[in-house]
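Take a look at the letters that make up each chain.
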Amino acid sequence: MFERILIANRGEIAVRILRTCRRMGIGAVVAYSEADRDTRAVQLADEAICVGPAEAKRSYLSAPAILSAAIVTGCDAIHPGYGFLSEDDTFAEMTRAHGLTFIGPPAEVLERFASKAGTRHLLASHGLPTVPGSPEMLRDDADALAGAERIGYPVLIKPSAGGGGRGMRMVRSPRELEQVLTVCRSEAQAAFGDDSLYLEKWLEDTRHVEVQVIVDRYGHGVHVGERDCSVQRRHQKLVEESPSPALTPEASEDLCRAAVEAVVAAGYENVGTLEFLVDRSGAAYFIEINCRIQVEHPVTEMRSGLDFVAEQIRLAAGEPLGYSQADVVLRGHAVEFRINAEDVAHDFRPQAGEVQRYLAPGGPGVRMDSHLYPGYEVPPFYDSLLGKLVVWGPDRSSSLARARGVLDEMVLEGLITNLDFHRALLRNETFIEGAFTTNLLDRIGSAAFVSSAARPQAVG
Amino acid sequence: MADRPARRGTTPAATATGDAAAVGRLADELLPALIARLEASTLGELEVRRNGWRVRLRRATPLEASQPDSAGSRVTGRPRPPAEQATSAGRTAPLAAVGPGLPMAVADRRRAAVSPAVGYFSPLAGLAAGAAVRSGDVLGHVDVLGVRQDVVAPADGVVGRYLAEAGEAVEYGQELVRLEAALGEGSVKTVAAEA
């Protein structure tokens, strides 16, 4: 086992990793940027070392700075947390070359799963369904029509060279497809200098469901159930829960088993998450894998009693998994609320400033993962996550009832947060019914959502 | 800072032709010199008046003033002894330019060459205390995974004390070489100590 781990991250996850190091009796060194000198993890660490300026590229994202910090502080392993260098195979390789261990999948595993398209191909070959699409670029109109017929309308026309949704077009019929193909080609040519197009099935009103897996290097793997992350705005998750209200226990079991079998067969290693889109019919399509600890991992920890950071550390040290699927028991329902420093009324604009008052909620089944303390100055350079409130209950309605109480009880003053958004969400019919889809907030507008929910509350 | 030559009273006044020139000189020469002087003394406050403007410097906090070199001993290549692990206050050293200490902390960095990266420090061979250096001169190196990064003088001055030893593990922004600056021009008077 490792003696001393460098925590190459910040905010709540640095504190989270530190807690597990303490419990396991492993020394913890926190690497921090100049802007994070006063952060909680720095105060708690056995040792803290400044690795660079506020700019992430020169601190948390700088592989030489992080690695050098680990070496000069006598660490034998590096935990990258999430984001930053957590899925960087080059960094993982550098770490190994210097005789240290990267806590996560080994470099060659990260590399194998680095490309989204490549991973979809790989896992499709091991039995996971992916979003149906044309296997190759479209040759001509006839090819496009035949392809669309096979996939089923509506279909999405996507430029090969595009990205981030640019140049995409959705069509609902063969006639519409014929009409826009020429336009799409010339648009793609003009925008990207490449007019090749391909088709993908258009999935309407999807939910985001992900499966947590743990796999050791000896080919043993388990799943730890799914999480539903459908409450999003512009692909940013705000609330995550487990189990998914959209899946029956049987559907969940099928999806989770297929996921873990596929990644074990494909040679995955360590803790990971497979993301799926689930359409209205309940069909799941694999979209990508996250080769790291996730922000929302506590949801699953609350249901399973496992410590995923400890599992990451154990497996990276070469220990075998040591238990089987039958040993993984998932109890009740858990839900996580991401408490962000952002102004919901003004397009979720990120906020910075001093935390003047902070009082975390508590009670049975309540967990608050945060790096806040009164007087802490939230810097403007990084993401706006202030903490995660995770609430467990024997079933969904009781955990939501419990969450309603503790969210009302929570005190966080000094800067604008999304607490009111969460309070409104817990009184929203669509959410209570478990019928949220990923595009719902963007469609109705978040500010309108909060104010419409706040009104009955004010008179009631 | 007993090695610093003591200077007292006034220095010859130069003719400032405009505000811009005065402000430039203030930032580049006078402030660093005044800060050096304040630090070398037991005074709590220093004030300079000239023509239509004045500058007053005050020590940030008694804690910071009493531990000017705490940043130099924060990183070690070995695990700390348990007794030391319990403390955390010492790790938030006054390098950060935050709060009331801001002007002082910023100017303070101008008179010490700081580490450009995390790594092992080596001073420039042959460079010793008392040598006059220009802004940008290399005073040593920090070895980052075998790549040497320059430690450069942030301003013209005279090499003072080395704050890290050869081969010592240093962190980003850590003060490595103190620079003594010549006093700027202007009439300087000390006011009663507050601290």
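Residues numbered from 1 in each chain as written. Chains lettered and ligands numbered in written order. Predicted model: local features only at pLDDT ≥ 70, side-chain atom pairs only at ≥ 80, totals over all residues.

> Can you break down the overall build of chain B residue by residue, with the values?
Regarding its fold elements, chain B presents four helices and 11 strands. When burial is assessed residue by residue, chain B has 30% of its 195 residues classed as buried. (Helix = DSSP H or I, 4+ residues; strand = E, 2+ residues; numbered from the N terminus. Buried ≥ 20, exposed ≤ 12 C-beta atoms within 10 Å, placed from the backbone.)

> Any details on the sheet that holds strand E10 (residues 221-233) of chain A? Residues and values, ideally.
Whenever strands of a sheet pair, they do so through backbone hydrogen bonds, lying parallel or antiparallel. Residue and element names in this part refer to chain A. Strands sit in the order E13-E12-E9-E10-E11-E14-E21-E19 across an open sheet of eight strands; the sheet is antiparallel. Edge positions in the sheet fall to strand E13 (284-290) and strand E19 (366-370), since each of these pairs with one other strand and no more. The mean angle between the axes of side-by-side strands here comes to 25°, regardless of whether they run parallel or antiparallel. Relative to strand E11 (residues 236-242), E10 is paired through four bridges, and the arrangement is antiparallel. Each bridged residue has a counterpart across the sheet, and for Gln232 the counterpart in E11 is Lys237. Docked against the sheet, helix H1 (residues 11-24) engages E19 and strand E21 (385-393), running at close to 55° with respect to E21. (Pairing = 2+ DSSP bridges. Axes fitted to C-alpha atoms, helices over the stretch in contact; angles between N-to-C directions. Contact = placed C-beta atoms within 7 Å.)

> Describe the nonpolar core, with residues and values.
Residues and elements named next belong to chain A. Counting 101 residues, the largest nonpolar core has Ile7, Val30 and Ala259 as the members making the most contacts within it. Structurally, this core is a two-domain feature, drawing no fewer than three residues from each of domain 1 (4-103) and domain 3 (207-459). When sequence neighbours within four positions are dropped, the list of residues in contact with Val30 reads Ile7, Ala14, Ala41, Val42, Ala45 and Ala48. Ranked by size, the runner-up nonpolar core spans 34 residues in total, among them Val344, Ala424, Leu425 and Leu426. (Core = buried A, V, L, I, M, F, W, Y, C linked by C-beta atoms within 7 Å. Domains from an automatic or database assignment.)

> Outline the environment of Gly225 of chain A, listing residues and values.
Take Gly225 of chain A: it is sitting in strand E10. Excluding anything up to four places from it in sequence, Gly225 of chain A contacts Gln212, Ser242, Pro243, Ser252, Cys256, Thr300, Arg303 and Leu330 of chain A.

> Which residues make up the packing of helix H7 (residues 141-151) of chain A against helix H8 (residues 174-192) of chain A, and what values do they have?
Residues and elements named next belong to chain A. As a packed pair, H7 and H8 sit with axes 10 Å apart at the nearest point and diverge in direction by 145°. By crossing handedness, the relation of H7 to H8 is classed as right-handed. Counted together, Asp141, Ala144, Leu145 and Ala148 of H7 and Pro174, Leu177, Glu178 and Leu181 of H8 form the full contact between these two elements. Class assignment of the residues belonging to the contact of H7 with H8 gives a composition of six nonpolar, no polar and two charged. (Left-handed = near helix turned anticlockwise from the far one by under 90°. Nonpolar A, V, L, I, M, F, W, Y, C, P; charged D, E, K, R; others polar.)

> Let's hear about the domain arrangement of chain A: which residues, and what values?
You'll often see interface size given as the accessible area lost when the parts meet. Each domain of chain A was delimited in the assignment, giving domain 1 (4-103), domain 2 (141-201) and domain 3 (207-459). The distance between the C-alpha centroids of domain 2 of chain A and domain 3 of chain A comes to 34 Å.

> Requested: an account of helix H6 (residues 116-124) of chain A, with residues and values cited.
Residue and element names in this part refer to chain A. Of the positions making up H6, those classed as buried are Thr119, Leu122 and Leu123. Down the axis, H6 shows its buried residues gathered within 90° of arc, on one side only. Away from its buried face, by an angle of more than 90 degrees, H6 presents the exposed residues Ala117 and His121. Those residues of H6 that are buried lie in contact with helix H9 (249-265) and E13. (Arc of directions from axis to C-beta.)

> Pulling in residues and values, what's your account of helix H11 (residues 308-316) of chain A?
Residue and element names in this part refer to chain A. Burial runs high along H11: eight of the nine residues are buried. Residues of H11 that are buried include every one of Phe308, Val309, Glu311, Gln312, Ile313, Arg314, Leu315 and Ala316, and no others. Among the residues trailing H11, Gly318 stands out with phi positive, at a value near 100°.

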